[in-house]
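For reference, the chains in residue letters:
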Amino acid sequence: MSLVARRYAGSFFKLASKVGYLKIIDDELSVISRLLDASGDFKRFVRNPTFSVREQLQVIDVLIKKLNLYKTDASVLIGSFLRVVASNQRLFILLDIIEAFHDLVATAQGTVFADIISVHALDVDQQMQLKAVLIKLVGKNVILRVDVDPAILGGLIIRVGSCQIDTSLRAKLSSLKRVLKEVG
């Protein structure tokens, strides 16, 4: 995630906190994020920085109308924020801004994110067990973000904040390879 995305998210977080709309804005940004994930065309448009500011603002206006973002004062604030992002030609990092905003909200609520990379999808039971262990370790509520990467060959990679635990088979093989080079 870029520093620019974190700055935009941080500024918007401060404003949302100040006016008391943090929860509503967090929820509505989740809706926008899901829309981006569901629409390949919209995601491609947002991630393409070559569109003019005028074109980006037009799409933001359509998005605001489609999502009915003028139903509350918080929604008006989101619309204005999206226009600022588009006007500054930063729409291509919108997903990163939303993710950074969610992270700030979670942190403010005493929650941490744990990014889990596994060779295959974890079932619900495995996720619950892993979450329980992480809650004991960090002493806070934990939200798991699970990703699948067959390249790790086996095991898990767990990132919580700046801490990483790498029990992947790929890491173990790499370590063994370094030891064998030193010996031989």
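Let me begin by describing the structure that accompanies this report. Just so you know, these numbers come straight off a predicted model, no measurement behind them.

Basis of the calculations
Residues numbered from 1 in each chain as written. Predicted model: local features only at pLDDT ≥ 70, side-chain atom pairs only at ≥ 80, totals over all residues. Heavy atoms only, no water. Helix = DSSP H or I, 4+ residues; strand = E, 2+ residues; numbered from the N terminus. Expected span 1.5 Å × (residues − 1). Buried < 20%, exposed > 50% of the residue type's maximum accessible area, 1.4 Å probe, protein only. Contact = heavy atoms within 4.5 Å.

Notes on unusual backbone geometry
Logical step 1: The phi angle at Gln89 is positive, at roughly 55 degrees, despite the residue not being glycine.
Logical step 2: Here Gln89 lies in the loop between α5 (73-87) and α6 (94-108).
Logical step 3: Located in the positive-phi region is Leu153, a residue other than glycine, with phi close to 70 degrees.
Logical step 4: Here Leu153 shows up in the loop between β2 (141-148) and β3 (156-160).

Some thoughts on α5
Logical step 1: The terminal C-alpha atoms of α5 lie 21 Å apart, and with 15 residues this matches the ideal 21 Å at 1.5 Å per residue to within 8%.
Logical step 2: Turning to α5, its buried residues number three or more, namely Ala74, Ser75, Leu77, Ile78, Gly79, Phe81, Leu82, Val85 and Ala86.
Logical step 3: Packing partners of the buried residues in α5 comprise α1 (3-19), α2 (22-38), α4 (53-66) and α6.
Logical step 4: One or two steps after α5, the chain reaches Gln89, where phi turns positive at roughly 55 degrees.

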